[in-house]
Amino acid sequence: DVKVTQSSRYLVKRTGEKVFLECVQDMDHENMFWYRQDPGLGLRLIYFSYDVKMKEKGDIPEGYSVSREKKERFSLILESASTNQTSMYLCASSSRPGGNKMHEQFFGPGTRLTVL
Amino acid sequence: GNSVTQMEGPVTLSEEAFLTINCTYTATGYPSLFWYVQYPGEGLQLLLKATKADDKGSNKGFEATYRKETTSFHLEKGSVQVSDSAVYFCALSLNTGFQKLVFGTGTRLLVSP
C-alpha cells in the first residue's frame, strides 16, 4: 500500500521556536509538496520540490523554508514560529508527469500545529 | 489567474438522498479537474478526475463531468450513505510545468441516518 507519513499528528510550539515538520514517502516519487489547510481557505501550496535538493516557492512561502536531502524525505521548517502559522499542514507526493498525463498526488494524514 | 470556486457548506442530507456539490473554475489553458475527499482525521484522497472536456470521472458511485462551456465540474451521487460524510475539495491542474494543484475551499457533507 502506498504511503505518505508525517512525523507528528499534533504539535504544540511556542512563538519564536524553530519547528521542523517531516514527511516521508515510500513510492519513489520525484515530486513532493507542502500545503497548509485553513477553514474557508482550502489548501494553499507553501513549497514544492521536483527533485533532491531542488525546491520551488508555492503561493504562500513567507515564513517557511524546506529541505530535500533525500528523495523520500521533504521537511518543512518554520524558522521562528508565529501564532498565524497555527494550521493543519499536509504533505503530498506524486511521480514526475510524462507527456500530458497528470499523476495523482498522494497525501499524508496531516500535522495539526498550534503555536502559542 | 487560476482559481476554483465551490459551494459553501455544510451540506446536510439524509441517507439515500441525491447529492450535488457545485464547482466552477477559472483557468488559463486547458486544465485537468479533480475531486478529492478528506474523511475525518485523514489526509486527502483522490476521488475522481477528468482530463479533457466532456470527460466523465466516476468512482464509488460519485460522478462529475468536465463542462468546458460552463467551466464546471459538479460532483453528484444518486444515493448518499452516512459513510460519505467528509469534506470534498474540487481542484484543477494545468497540464504544463510542475502540474501544481489549485484547490477550492472545500465543502463539508454531513449525512444523517
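Placed above this text is the structure.
Residues numbered from 1 in each chain as written. Chains lettered and ligands numbered in written order. Predicted model: local features only at pLDDT ≥ 70, side-chain atom pairs only at ≥ 80, totals over all residues. Heavy atoms only, no water.

For chain B, the helix and strand inventory stands at zero helices and 12 strands. In sequence order, the secondary structure elements of chain B are arranged as β-β-β-β-β-β-β-β-β-β-β-β. A compact globule built from 113 residues would reach a C-alpha radius of gyration of about 13 Å, and chain B, at 14 Å, matches this within 12%. Structurally, chain B occupies a C-alpha span of about 45 × 30 × 20 Å along its principal axes. Residues classed as buried in chain B amount to 46% of the 113 residues present. Nonlocal contacts in chain B, meaning residues at least 24 apart in sequence, comprise 56% of its contacts between residues at least 6 apart. By element, 50% of the accessible surface of chain B is carried by carbon and sulfur atoms, the whole surface being about 5300 Å². For chain B, the separation between the mean place of its 9 positive charges and that of its 10 negative charges on side chains is 9 Å. (Helix = DSSP H or I, 4+ residues; strand = E, 2+ residues; numbered from the N terminus. Rg over C-alpha atoms; globule rule 2.2 N^0.38 Å. Buried < 20%, exposed > 50% of the residue type's maximum accessible area, 1.4 Å probe, protein only. Contact = heavy atoms within 4.5 Å. Areas by Shrake-Rupley, 256 points an atom, 1.4 Å probe, with all protein chains shown as cover. Lys, Arg positive; Asp, Glu negative; His and termini not counted. Charge placed at Lys NZ, Arg CZ, Asp CG, Glu CD.)

Our next topic: the interface of chain A and chain B. Contacts between chain A and chain B engage 22 residues on the former and 20 residues on the latter. Summing both partners gives a buried area of about 1800 Å² for chain A against chain B, and 60% of it is carried by carbon and sulfur. Counting across the interface, chain A meets chain B through zero salt bridges. Listed by contribution, the elements that provide at least two residues to the side of chain A that touches chain B are β4 (31-38) and β5 (42-49) of chain A. Its residues placed into classes, the side of chain A that touches chain B shows 11 nonpolar, seven polar and four charged. (Buried area = accessible area lost by both parts, 1.4 Å probe. Salt bridge = Lys/Arg side-chain N within 4 Å of Asp/Glu carboxyl O. Nonpolar A, V, L, I, M, F, W, Y, C, P; charged D, E, K, R; others polar.)

Moving on to the sheet that holds strand β3 (residues 19-21) of chain B. Residue and element names in this part refer to chain B. Taken in spatial order, the four strands make up an open sheet running β3-β9-β8-β7, and their pairing is antiparallel. Only two strands of the sheet have a single neighbouring strand rather than two, namely β3 and β7 (56-59). For this sheet, the mean inter-axis angle between neighbouring strands, taken without regard to orientation, is 15 degrees. (Pairing = 2+ DSSP bridges. Axes fitted to C-alpha atoms, helices over the stretch in contact; angles between N-to-C directions.)

In this section: the nonpolar core. Formed by 26 residues in total, the largest nonpolar core has its most connected members in B:Leu19, B:Trp35, B:Leu47, B:Leu48, B:Phe73, B:Leu75 and B:Tyr88. Listing elements by their share of this core, those giving two or more residues are β2 (11-14), β3, β4 (23-26), β5 (31-38), β6 (44-50), β8 (62-65), β10 (86-94) and β12 (107-112) of chain B. At four residues, β10(B) tops the list of elements feeding residues into this core. Counting residues in each nonpolar core, the second largest holds 21 residues, with A:Val4, A:Cys23, A:Met27 and A:Val66 among its members. (Core = buried A, V, L, I, M, F, W, Y, C linked by side-chain atoms within 4.5 Å.)

For the rest of this paragraph, the subject is the packing of aromatic side chains. All names here are of chain B. Under the counting rule described, the total for this entry stands at 12 aromatic pairs over all chains. Consider the rings of Phe 34 and Tyr 36, whose centres lie 6.4 Å apart with planes at 40 degrees: the pair is tilted. Since its relative accessible area comes to 1%, Phe 34 is described here as buried. Look at Tyr 36 and you get buried, because its relative accessible area is 1%. (Phe/Tyr/Trp six-rings, centres within 6.5 Å; stacked < 30°, edge-to-face > 60°.)

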